[in-house]
Amino acid sequence: MVASDQVSLCSFCLKAHTDVGTLVAGPGVYICDECISLSSQLIASKPKANTPKPIQRIAPWDAETGLDSVIASLPRVSQAGKQAEYILNQYVRKARELGGTWASIGEALGMTRQSAWERFSGEE
Ligand SMILES: [Zn+2]
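Note that the coordinates shown come from a computational prediction; the quantities given were computed from them, not determined experimentally.

Enquirer: I'd like a rundown of the coordination of the zinc ion, residues and numbers included.
Expert: Cys10 (SG), Cys13 (SG), Cys32 (SG) and Cys35 (SG) make up the full set of protein donors to the zinc ion, lying at 2.2 to 2.3 Å. Metal-centred angles of 106 to 117° between the four donor atoms at the zinc ion mark the site as tetrahedral. Along the chain, the residues donating to the zinc ion are arranged with the sequence spacing C-x2-C-x18-C-x2-C. On the criterion of sequence distance, the pair formed by cysteine 10 in the segment before strand 1 (23–26) and cysteine 32 in strand 2 (residues 29–32) is long-range, its members being 22 residues apart. Each member of the pair, cysteine 10 as well as cysteine 32, is classed as buried.

Structural data, given as structure tokens:
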């Protein structure tokens, strides 16, 4: 759960925690019981032979065919982005609590110490 008043979304299907049975948290992501079940089925149905096949990746937005559906997805996708940003902020806060420097946080995120401080410190 992100916060008691905040809706958490499955990072895969973007369903809200209130619309699924269980939402499992990972580092910066969530996955719902339905996506876990679907993933398990896909893995179980994977051919056992060692015949390499090209990896098929269809992004959710590329699978969409209707404008109304794409437009309807925008609020949830935006919320998922805010959720990821919130989680990143919590990890940075925890790193600071554990003695992490702005330099080490910046390096981990591919930015300067100053950029990390400006983005996450909450100070001006
Ligand atoms: Zn899901």
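On we go.
Enquirer: Could you give an account of the pairing of strand 2, with specific residues and numbers?
Expert: With four bridges connecting them, strand 1 and strand 2 associate as antiparallel partners. Paired with alanine 25 across the bridge in strand 2 is tyrosine 30. Connecting strand 1 to the next strand, strand 2, in antiparallel fashion are two residues, including glycine 28 with a positive phi near 90°.

Enquirer: How would you explain helix 3 (residues 67–97) if you had to name every residue and give the values?
Expert: Between its first and last C-alpha atoms helix 3 spans 45 Å; for 31 residues at 1.5 Å apiece the expected length is 45 Å, and the two agree. Considering bend angle alone, the principal kink of helix 3 is centred on leucine 74 and spans about 35°; proline proline 75 follows within four residues of it. Listed as buried for helix 3 are Ser73, Ala80, Gln83, Ile87 and Val92. In this structure, the buried side of helix 3 is in contact with strand 2, helix 4 (102–108) and helix 5 (113–120).

Cut-offs used in this document
Just so you know, the residues in each chain are numbered from 1, in the order the chain's sequence is written. Local features in this predicted model are restricted to residues whose pLDDT is 70 or higher, and side-chain atom pairs enter the listing and the counts only when it is 80 or higher, whereas totals over whole chains, interfaces and linings include all residues. Derived side-chain values reflect all non-hydrogen atoms in the structure, with water molecules and hydrogen atoms excluded from consideration. Each metal's donors comprise the N, O and S atoms found within 2.8 Å of it (within 3.2 Å for Na, K or Ca). Water is not part of the atom list, so some coordination spheres may appear incomplete. Geometry is assigned from donor-metal-donor angles: four donors are tetrahedral when every angle falls between 85 and 135 degrees, four are square planar and six octahedral when opposite donors sit over 155 degrees apart with all other angles between 65 and 115, and any other arrangement is irregular. Here a helix means four or more residues in a row that DSSP labels H or I, a strand means two or more in a row labelled E, and each is numbered from the N terminus. Remark: exposure states derive from per-residue accessible area (1.4 Å probe, protein chains only) relative to the maximum for the residue type, with buried under 20%, exposed over 50%, and partly exposed in between. For two strands to be treated as a pair, DSSP must find at least two bridges joining them. By this rule, a helix spans an expected 1.5 Å times one less than how many residues it contains. Note that the bend at a residue is defined as the angle between axes fitted to the seven residues ending at it and the seven residues starting at it. A contact between two residues is defined here by any heavy atoms of the two lying within 4.5 Å.

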